[in-house]
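Residues per chain are reported as follows:
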4 protein chains.
Amino acid sequence: MAEATVLSAQRKIEIRFNEVDMMGVVWHGTYPAYLEDAREAFGAKYGLSYTRYIVENIFAPIVDMQIKYRRPLRYGMEPLVKIRYVNSQAAKIIFDYEIVDPSDNAVCLTARTVQVFMDRDYNLLWNAPEFYVKWKKSVGLI
Amino acid sequence: MAEATVLSAQRKIEIRFNEVDMMGVVWHGTYPAYLEDAREAFGAKYGLSYTRYIVENIFAPIVDMQIKYRRPLRYGMEPLVKIRYVNSQAAKIIFDYEIVDPSDNAVCLTARTVQVFMDRDYNLLWNAPEFYVKWKKSVGLI
Amino acid sequence: MAEATVLSAQRKIEIRFNEVDMMGVVWHGTYPAYLEDAREAFGAKYGLSYTRYIVENIFAPIVDMQIKYRRPLRYGMEPLVKIRYVNSQAAKIIFDYEIVDPSDNAVCLTARTVQVFMDRDYNLLWNAPEFYVKWKKSVGLI
Amino acid sequence: MAEATVLSAQRKIEIRFNEVDMMGVVWHGTYPAYLEDAREAFGAKYGLSYTRYIVENIFAPIVDMQIKYRRPLRYGMEPLVKIRYVNSQAAKIIFDYEIVDPSDNAVCLTARTVQVFMDRDYNLLWNAPEFYVKWKKSVGLI
């Protein structure tokens, strides 16, 4: 059954020197970039890249982002960011994230992002665009 | 009564060219910096700067950040970020934010951040540090 | 005489917490943004904004950037960035910069950027575009 | 002979969505981070990491950075950044860089950075620190 399909991906985070703040930990505002890296990895794995949206003249802006920081990342750590697609019937793209420290499997951060679809003039699309519905079918989500 | 005290601040956002993405709008991951600018403005207004925390050897890391994006900001806009202190008896610092487009008073973004207190070794402090309690008294919050 | 015209501008730098690195000083890669802020201030003062280039379908990409770092900036400092237009007969936009610590007038950084003109397809323009030549005349540079 | 020793490294650049500006190309101020990534790769290959400097209480700040931008990078490209150690008898660390588009081997950018050594109080060290001299010997540079 489609509901059972779980799409997920992960990638290593390479912490940049400039992402670490005066306190010696990754600055909290850096994480949206790591989450974006995860969406990239997801898109690459399942054939749904930013470039595709651009070609289709569709924006998929983030309208909601919730981040819970549980443990700071320090320079030199090699964390993983994991992303999981949350299936929804609404015209939304929902992802859940975890950043994990592989040295002890501690969850350092959890997050959720919600994206909607807009046309070139920033009008909200109430239905998911055709290319996206096709993609959902192709990966077994509907 | 202390509950009635409302502490708030605001400042103009100067949108940098590099904060705008390929889609012509401010990249969603830029906003944590704008929220931090607002906390800075708040701290400057009410005498509670980052420097103070550093002197006291206290971290106040963000443990929760929720952002709702309602309308994209574009290059050339001159939005305001408004910050309001949310009083809490817990050992937490809670702020609510709004980013407003002054041209039509539209709310472009709302957000909340929650900070906790940690010592130099990243141990959570269950009680707010003394300097912070003093500050709360000095501004009429307790 | 036109050669004698000196166009310059300056603005205060507000050092963001996230621009400071683990070493407690502004990360060296932050400075291009400060220089861009200075170009913005220059453009605002003399009527030559990015928006104008966009309207004209002209890119003015930086092709050369040289930065000499003399003294680190620390969080809490309130430096000034000064920008000076370097007149040139070539189809180039050249700026010199200084970042100064007003507390002792020390020069913390000097820099130069060179921009060229390109059309929408990234073809180099060998002559400055008309709107730019008009602007140079209007401010007394030719 | 030592002079003949050439130390170099390279790594793939993963262009982030947020590193691309309104013009559709990587923002010029992003490149210092790419150069830093290259230094990281160099350090990892030859055993000379930032962490080492921190342990030794030595700063190695960049005092000079020169970048020549030849061809813009666009989102979706997979460029390489190449770094080469420039041996010097002075108490300096000099690197040359090239960013190359592997699709046609075009050089998109060249750069040079110069670093000096400082102690914890930002005093310039006129001689390279011992750990660094040892490192140079260990890799055949002296």
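What you see is a predicted model; the values in this text were computed from it and never measured.

### Details of the overall build of chain A
Counting its regular elements, chain A contains three helices and five strands. Counted from the first residue to the last, chain A has its helices and strands arranged as β-α-α-β-β-β-β-α. On C-alpha atoms alone, chain A measures out to a radius of gyration of 16 Å, which is about the 14 Å that the 2.2 N^0.38 rule sets for 142 residues. With respect to the principal axes defined by its C-alpha atoms, chain A has extents near 45 × 35 × 20 Å. Per-residue burial for chain A yields a buried fraction of 55% across its 142 residues. For chain A, long-range pairs separated by at least 24 residues make up 66% of all intrachain contacts whose partners lie at least 6 apart in sequence.

### Here we look at the relation of the copies chain D and chain C
Between the two copies, chain D and chain C, the superposition gives an RMSD of 0.0 Å; the rotation angle is 180° and the shift along the axis is 0.0 Å. Each copy turns onto its partner about a two-fold axis. Minimal C-alpha separation from the rotation axis in chain D is found for D:Gln66, amounting to 2.2 Å. Both copies share a contact surface, since 100% of the interface residues of chain D are interface residues in chain C too.

### Here's the deal with the relation of the copies chain A and chain B
Take chain A, turn it by 180°, move it 0.0 Å along the axis, and it overlays chain B with an RMSD of 0.0 Å. Of the interface residues in chain A, 100% have counterparts in chain B that sit at the interface too, so the contact is made through matching surfaces.

### Points about the sheet that holds strand S1 (residues 8-12) of chain B
Taken together, 10 strands build an open sheet; the order of strands is S1(A)-S3(A)-S4(A)-S5(A)-S2(A)-S2(B)-S5(B)-S4(B)-S3(B)-S1(B) and the sheet is antiparallel. Pairing within the sheet leaves two strands with one partner each, and these edge strands are strand S1 (8-12) of chain A together with S1 of chain B. The sheet shows a mean angle of 15° between the axes of neighbouring strands, direction not considered. Pairing of S1(B) with strand S3 (residues 80-86) of chain B, which is carried by five bridges, proceeds in the antiparallel orientation. For B:Ala9, the partnering residue across the bridge sits in S3(B) and is B:Ile83. Packing of helix H1 (residues 31-46) of chain A onto the sheet brings it into contact with S1, strand S2 (62-69), strand S3 (80-86), strand S4 (92-101) and strand S5 (106-116) of chain A, and relative to S1(A) it is tilted by some 125°. Along the sheet, helix H1 (residues 31-46) of chain B contacts S1, strand S2 (62-69), S3, strand S4 (92-101) and strand S5 (106-116) of chain B; its crossing angle with S1(B), the most-contacted strand, is approximately 125°.

### A closer look at the interface of chain D and chain C
Opposite the 25 residues of chain D that make contact, chain C presents 25 residues. Together, the buried faces of chain D and chain C total about 2,400 Å²; carbon and sulfur atoms form 61% of this surface. Of all residues in chain D, D:Met23, D:Met65 and D:Tyr122 give up the largest surface area on contact with chain C, accounting jointly for 26% of the area buried on that side. If you look at where chain D meets chain C, you find two salt bridges. Measuring nitrogen to oxygen at the nearest pair gives 2.8 Å for the salt bridge that ties C:Lys68 to D:Asp64. Our count for the chain D to chain C interface comes out at 10 residue pairs in polar contact (both at pLDDT 80 or more). Of all the secondary structure elements, the ones that give two or more residues to the side of chain D that touches chain C are helix H1 (31-46) and strand S2 (62-69) of chain D. The element that contributes the greatest number of residues to the side of chain D that touches chain C is S2(D), accounting for eight residues. Partitioning the side of chain D that touches chain C into residue classes produces 16 nonpolar, four polar and five charged.

### Some points on the pairing of strand S5 (residues 106-116) of chain D
Residues and elements named next belong to chain D. Of all 11 residues that make up S5, nine are buried, and the element is covered over most of its length. Judged from the seven bridges that link them, S2 and S5 form a sheet pairing that is antiparallel. Bridged to Met-65 within S5 is Thr-113. The pairing of strand S4 (residues 92-101) with S5 spans 10 bridges and is classified as antiparallel. Following the sheet pairing, Phe-95 is matched in S5 by Thr-113. Between the antiparallel neighbours S4 and S5 lie four residues, among them Asn-105 with a positive phi of about 60°.

Rules behind the numbers
- Residues numbered from 1 in each chain as written.
- Chains lettered and ligands numbered in written order.
- Predicted model: local features only at pLDDT ≥ 70, side-chain atom pairs only at ≥ 80, totals over all residues.
- Heavy atoms only, no water.
- Helix = DSSP H or I, 4+ residues; strand = E, 2+ residues; numbered from the N terminus.
- Rg over C-alpha atoms; globule rule 2.2 N^0.38 Å.
- Buried < 20%, exposed > 50% of the residue type's maximum accessible area, 1.4 Å probe, protein only.
- Contact = heavy atoms within 4.5 Å.
- Least-squares fit on C-alpha atoms with pLDDT ≥ 70 in both.
- Pairing = 2+ DSSP bridges.
- Axes fitted to C-alpha atoms, helices over the stretch in contact; angles between N-to-C directions.
- Buried area = accessible area lost by both parts, 1.4 Å probe.
- Salt bridge = Lys/Arg side-chain N within 4 Å of Asp/Glu carboxyl O.
- Polar contact = N/O pair within 3.5 Å; in protein donor to acceptor, adjacent residues only side chain to side chain.
- Nonpolar A, V, L, I, M, F, W, Y, C, P; charged D, E, K, R; others polar.

Read these as spatial facts, not as claims about activity.
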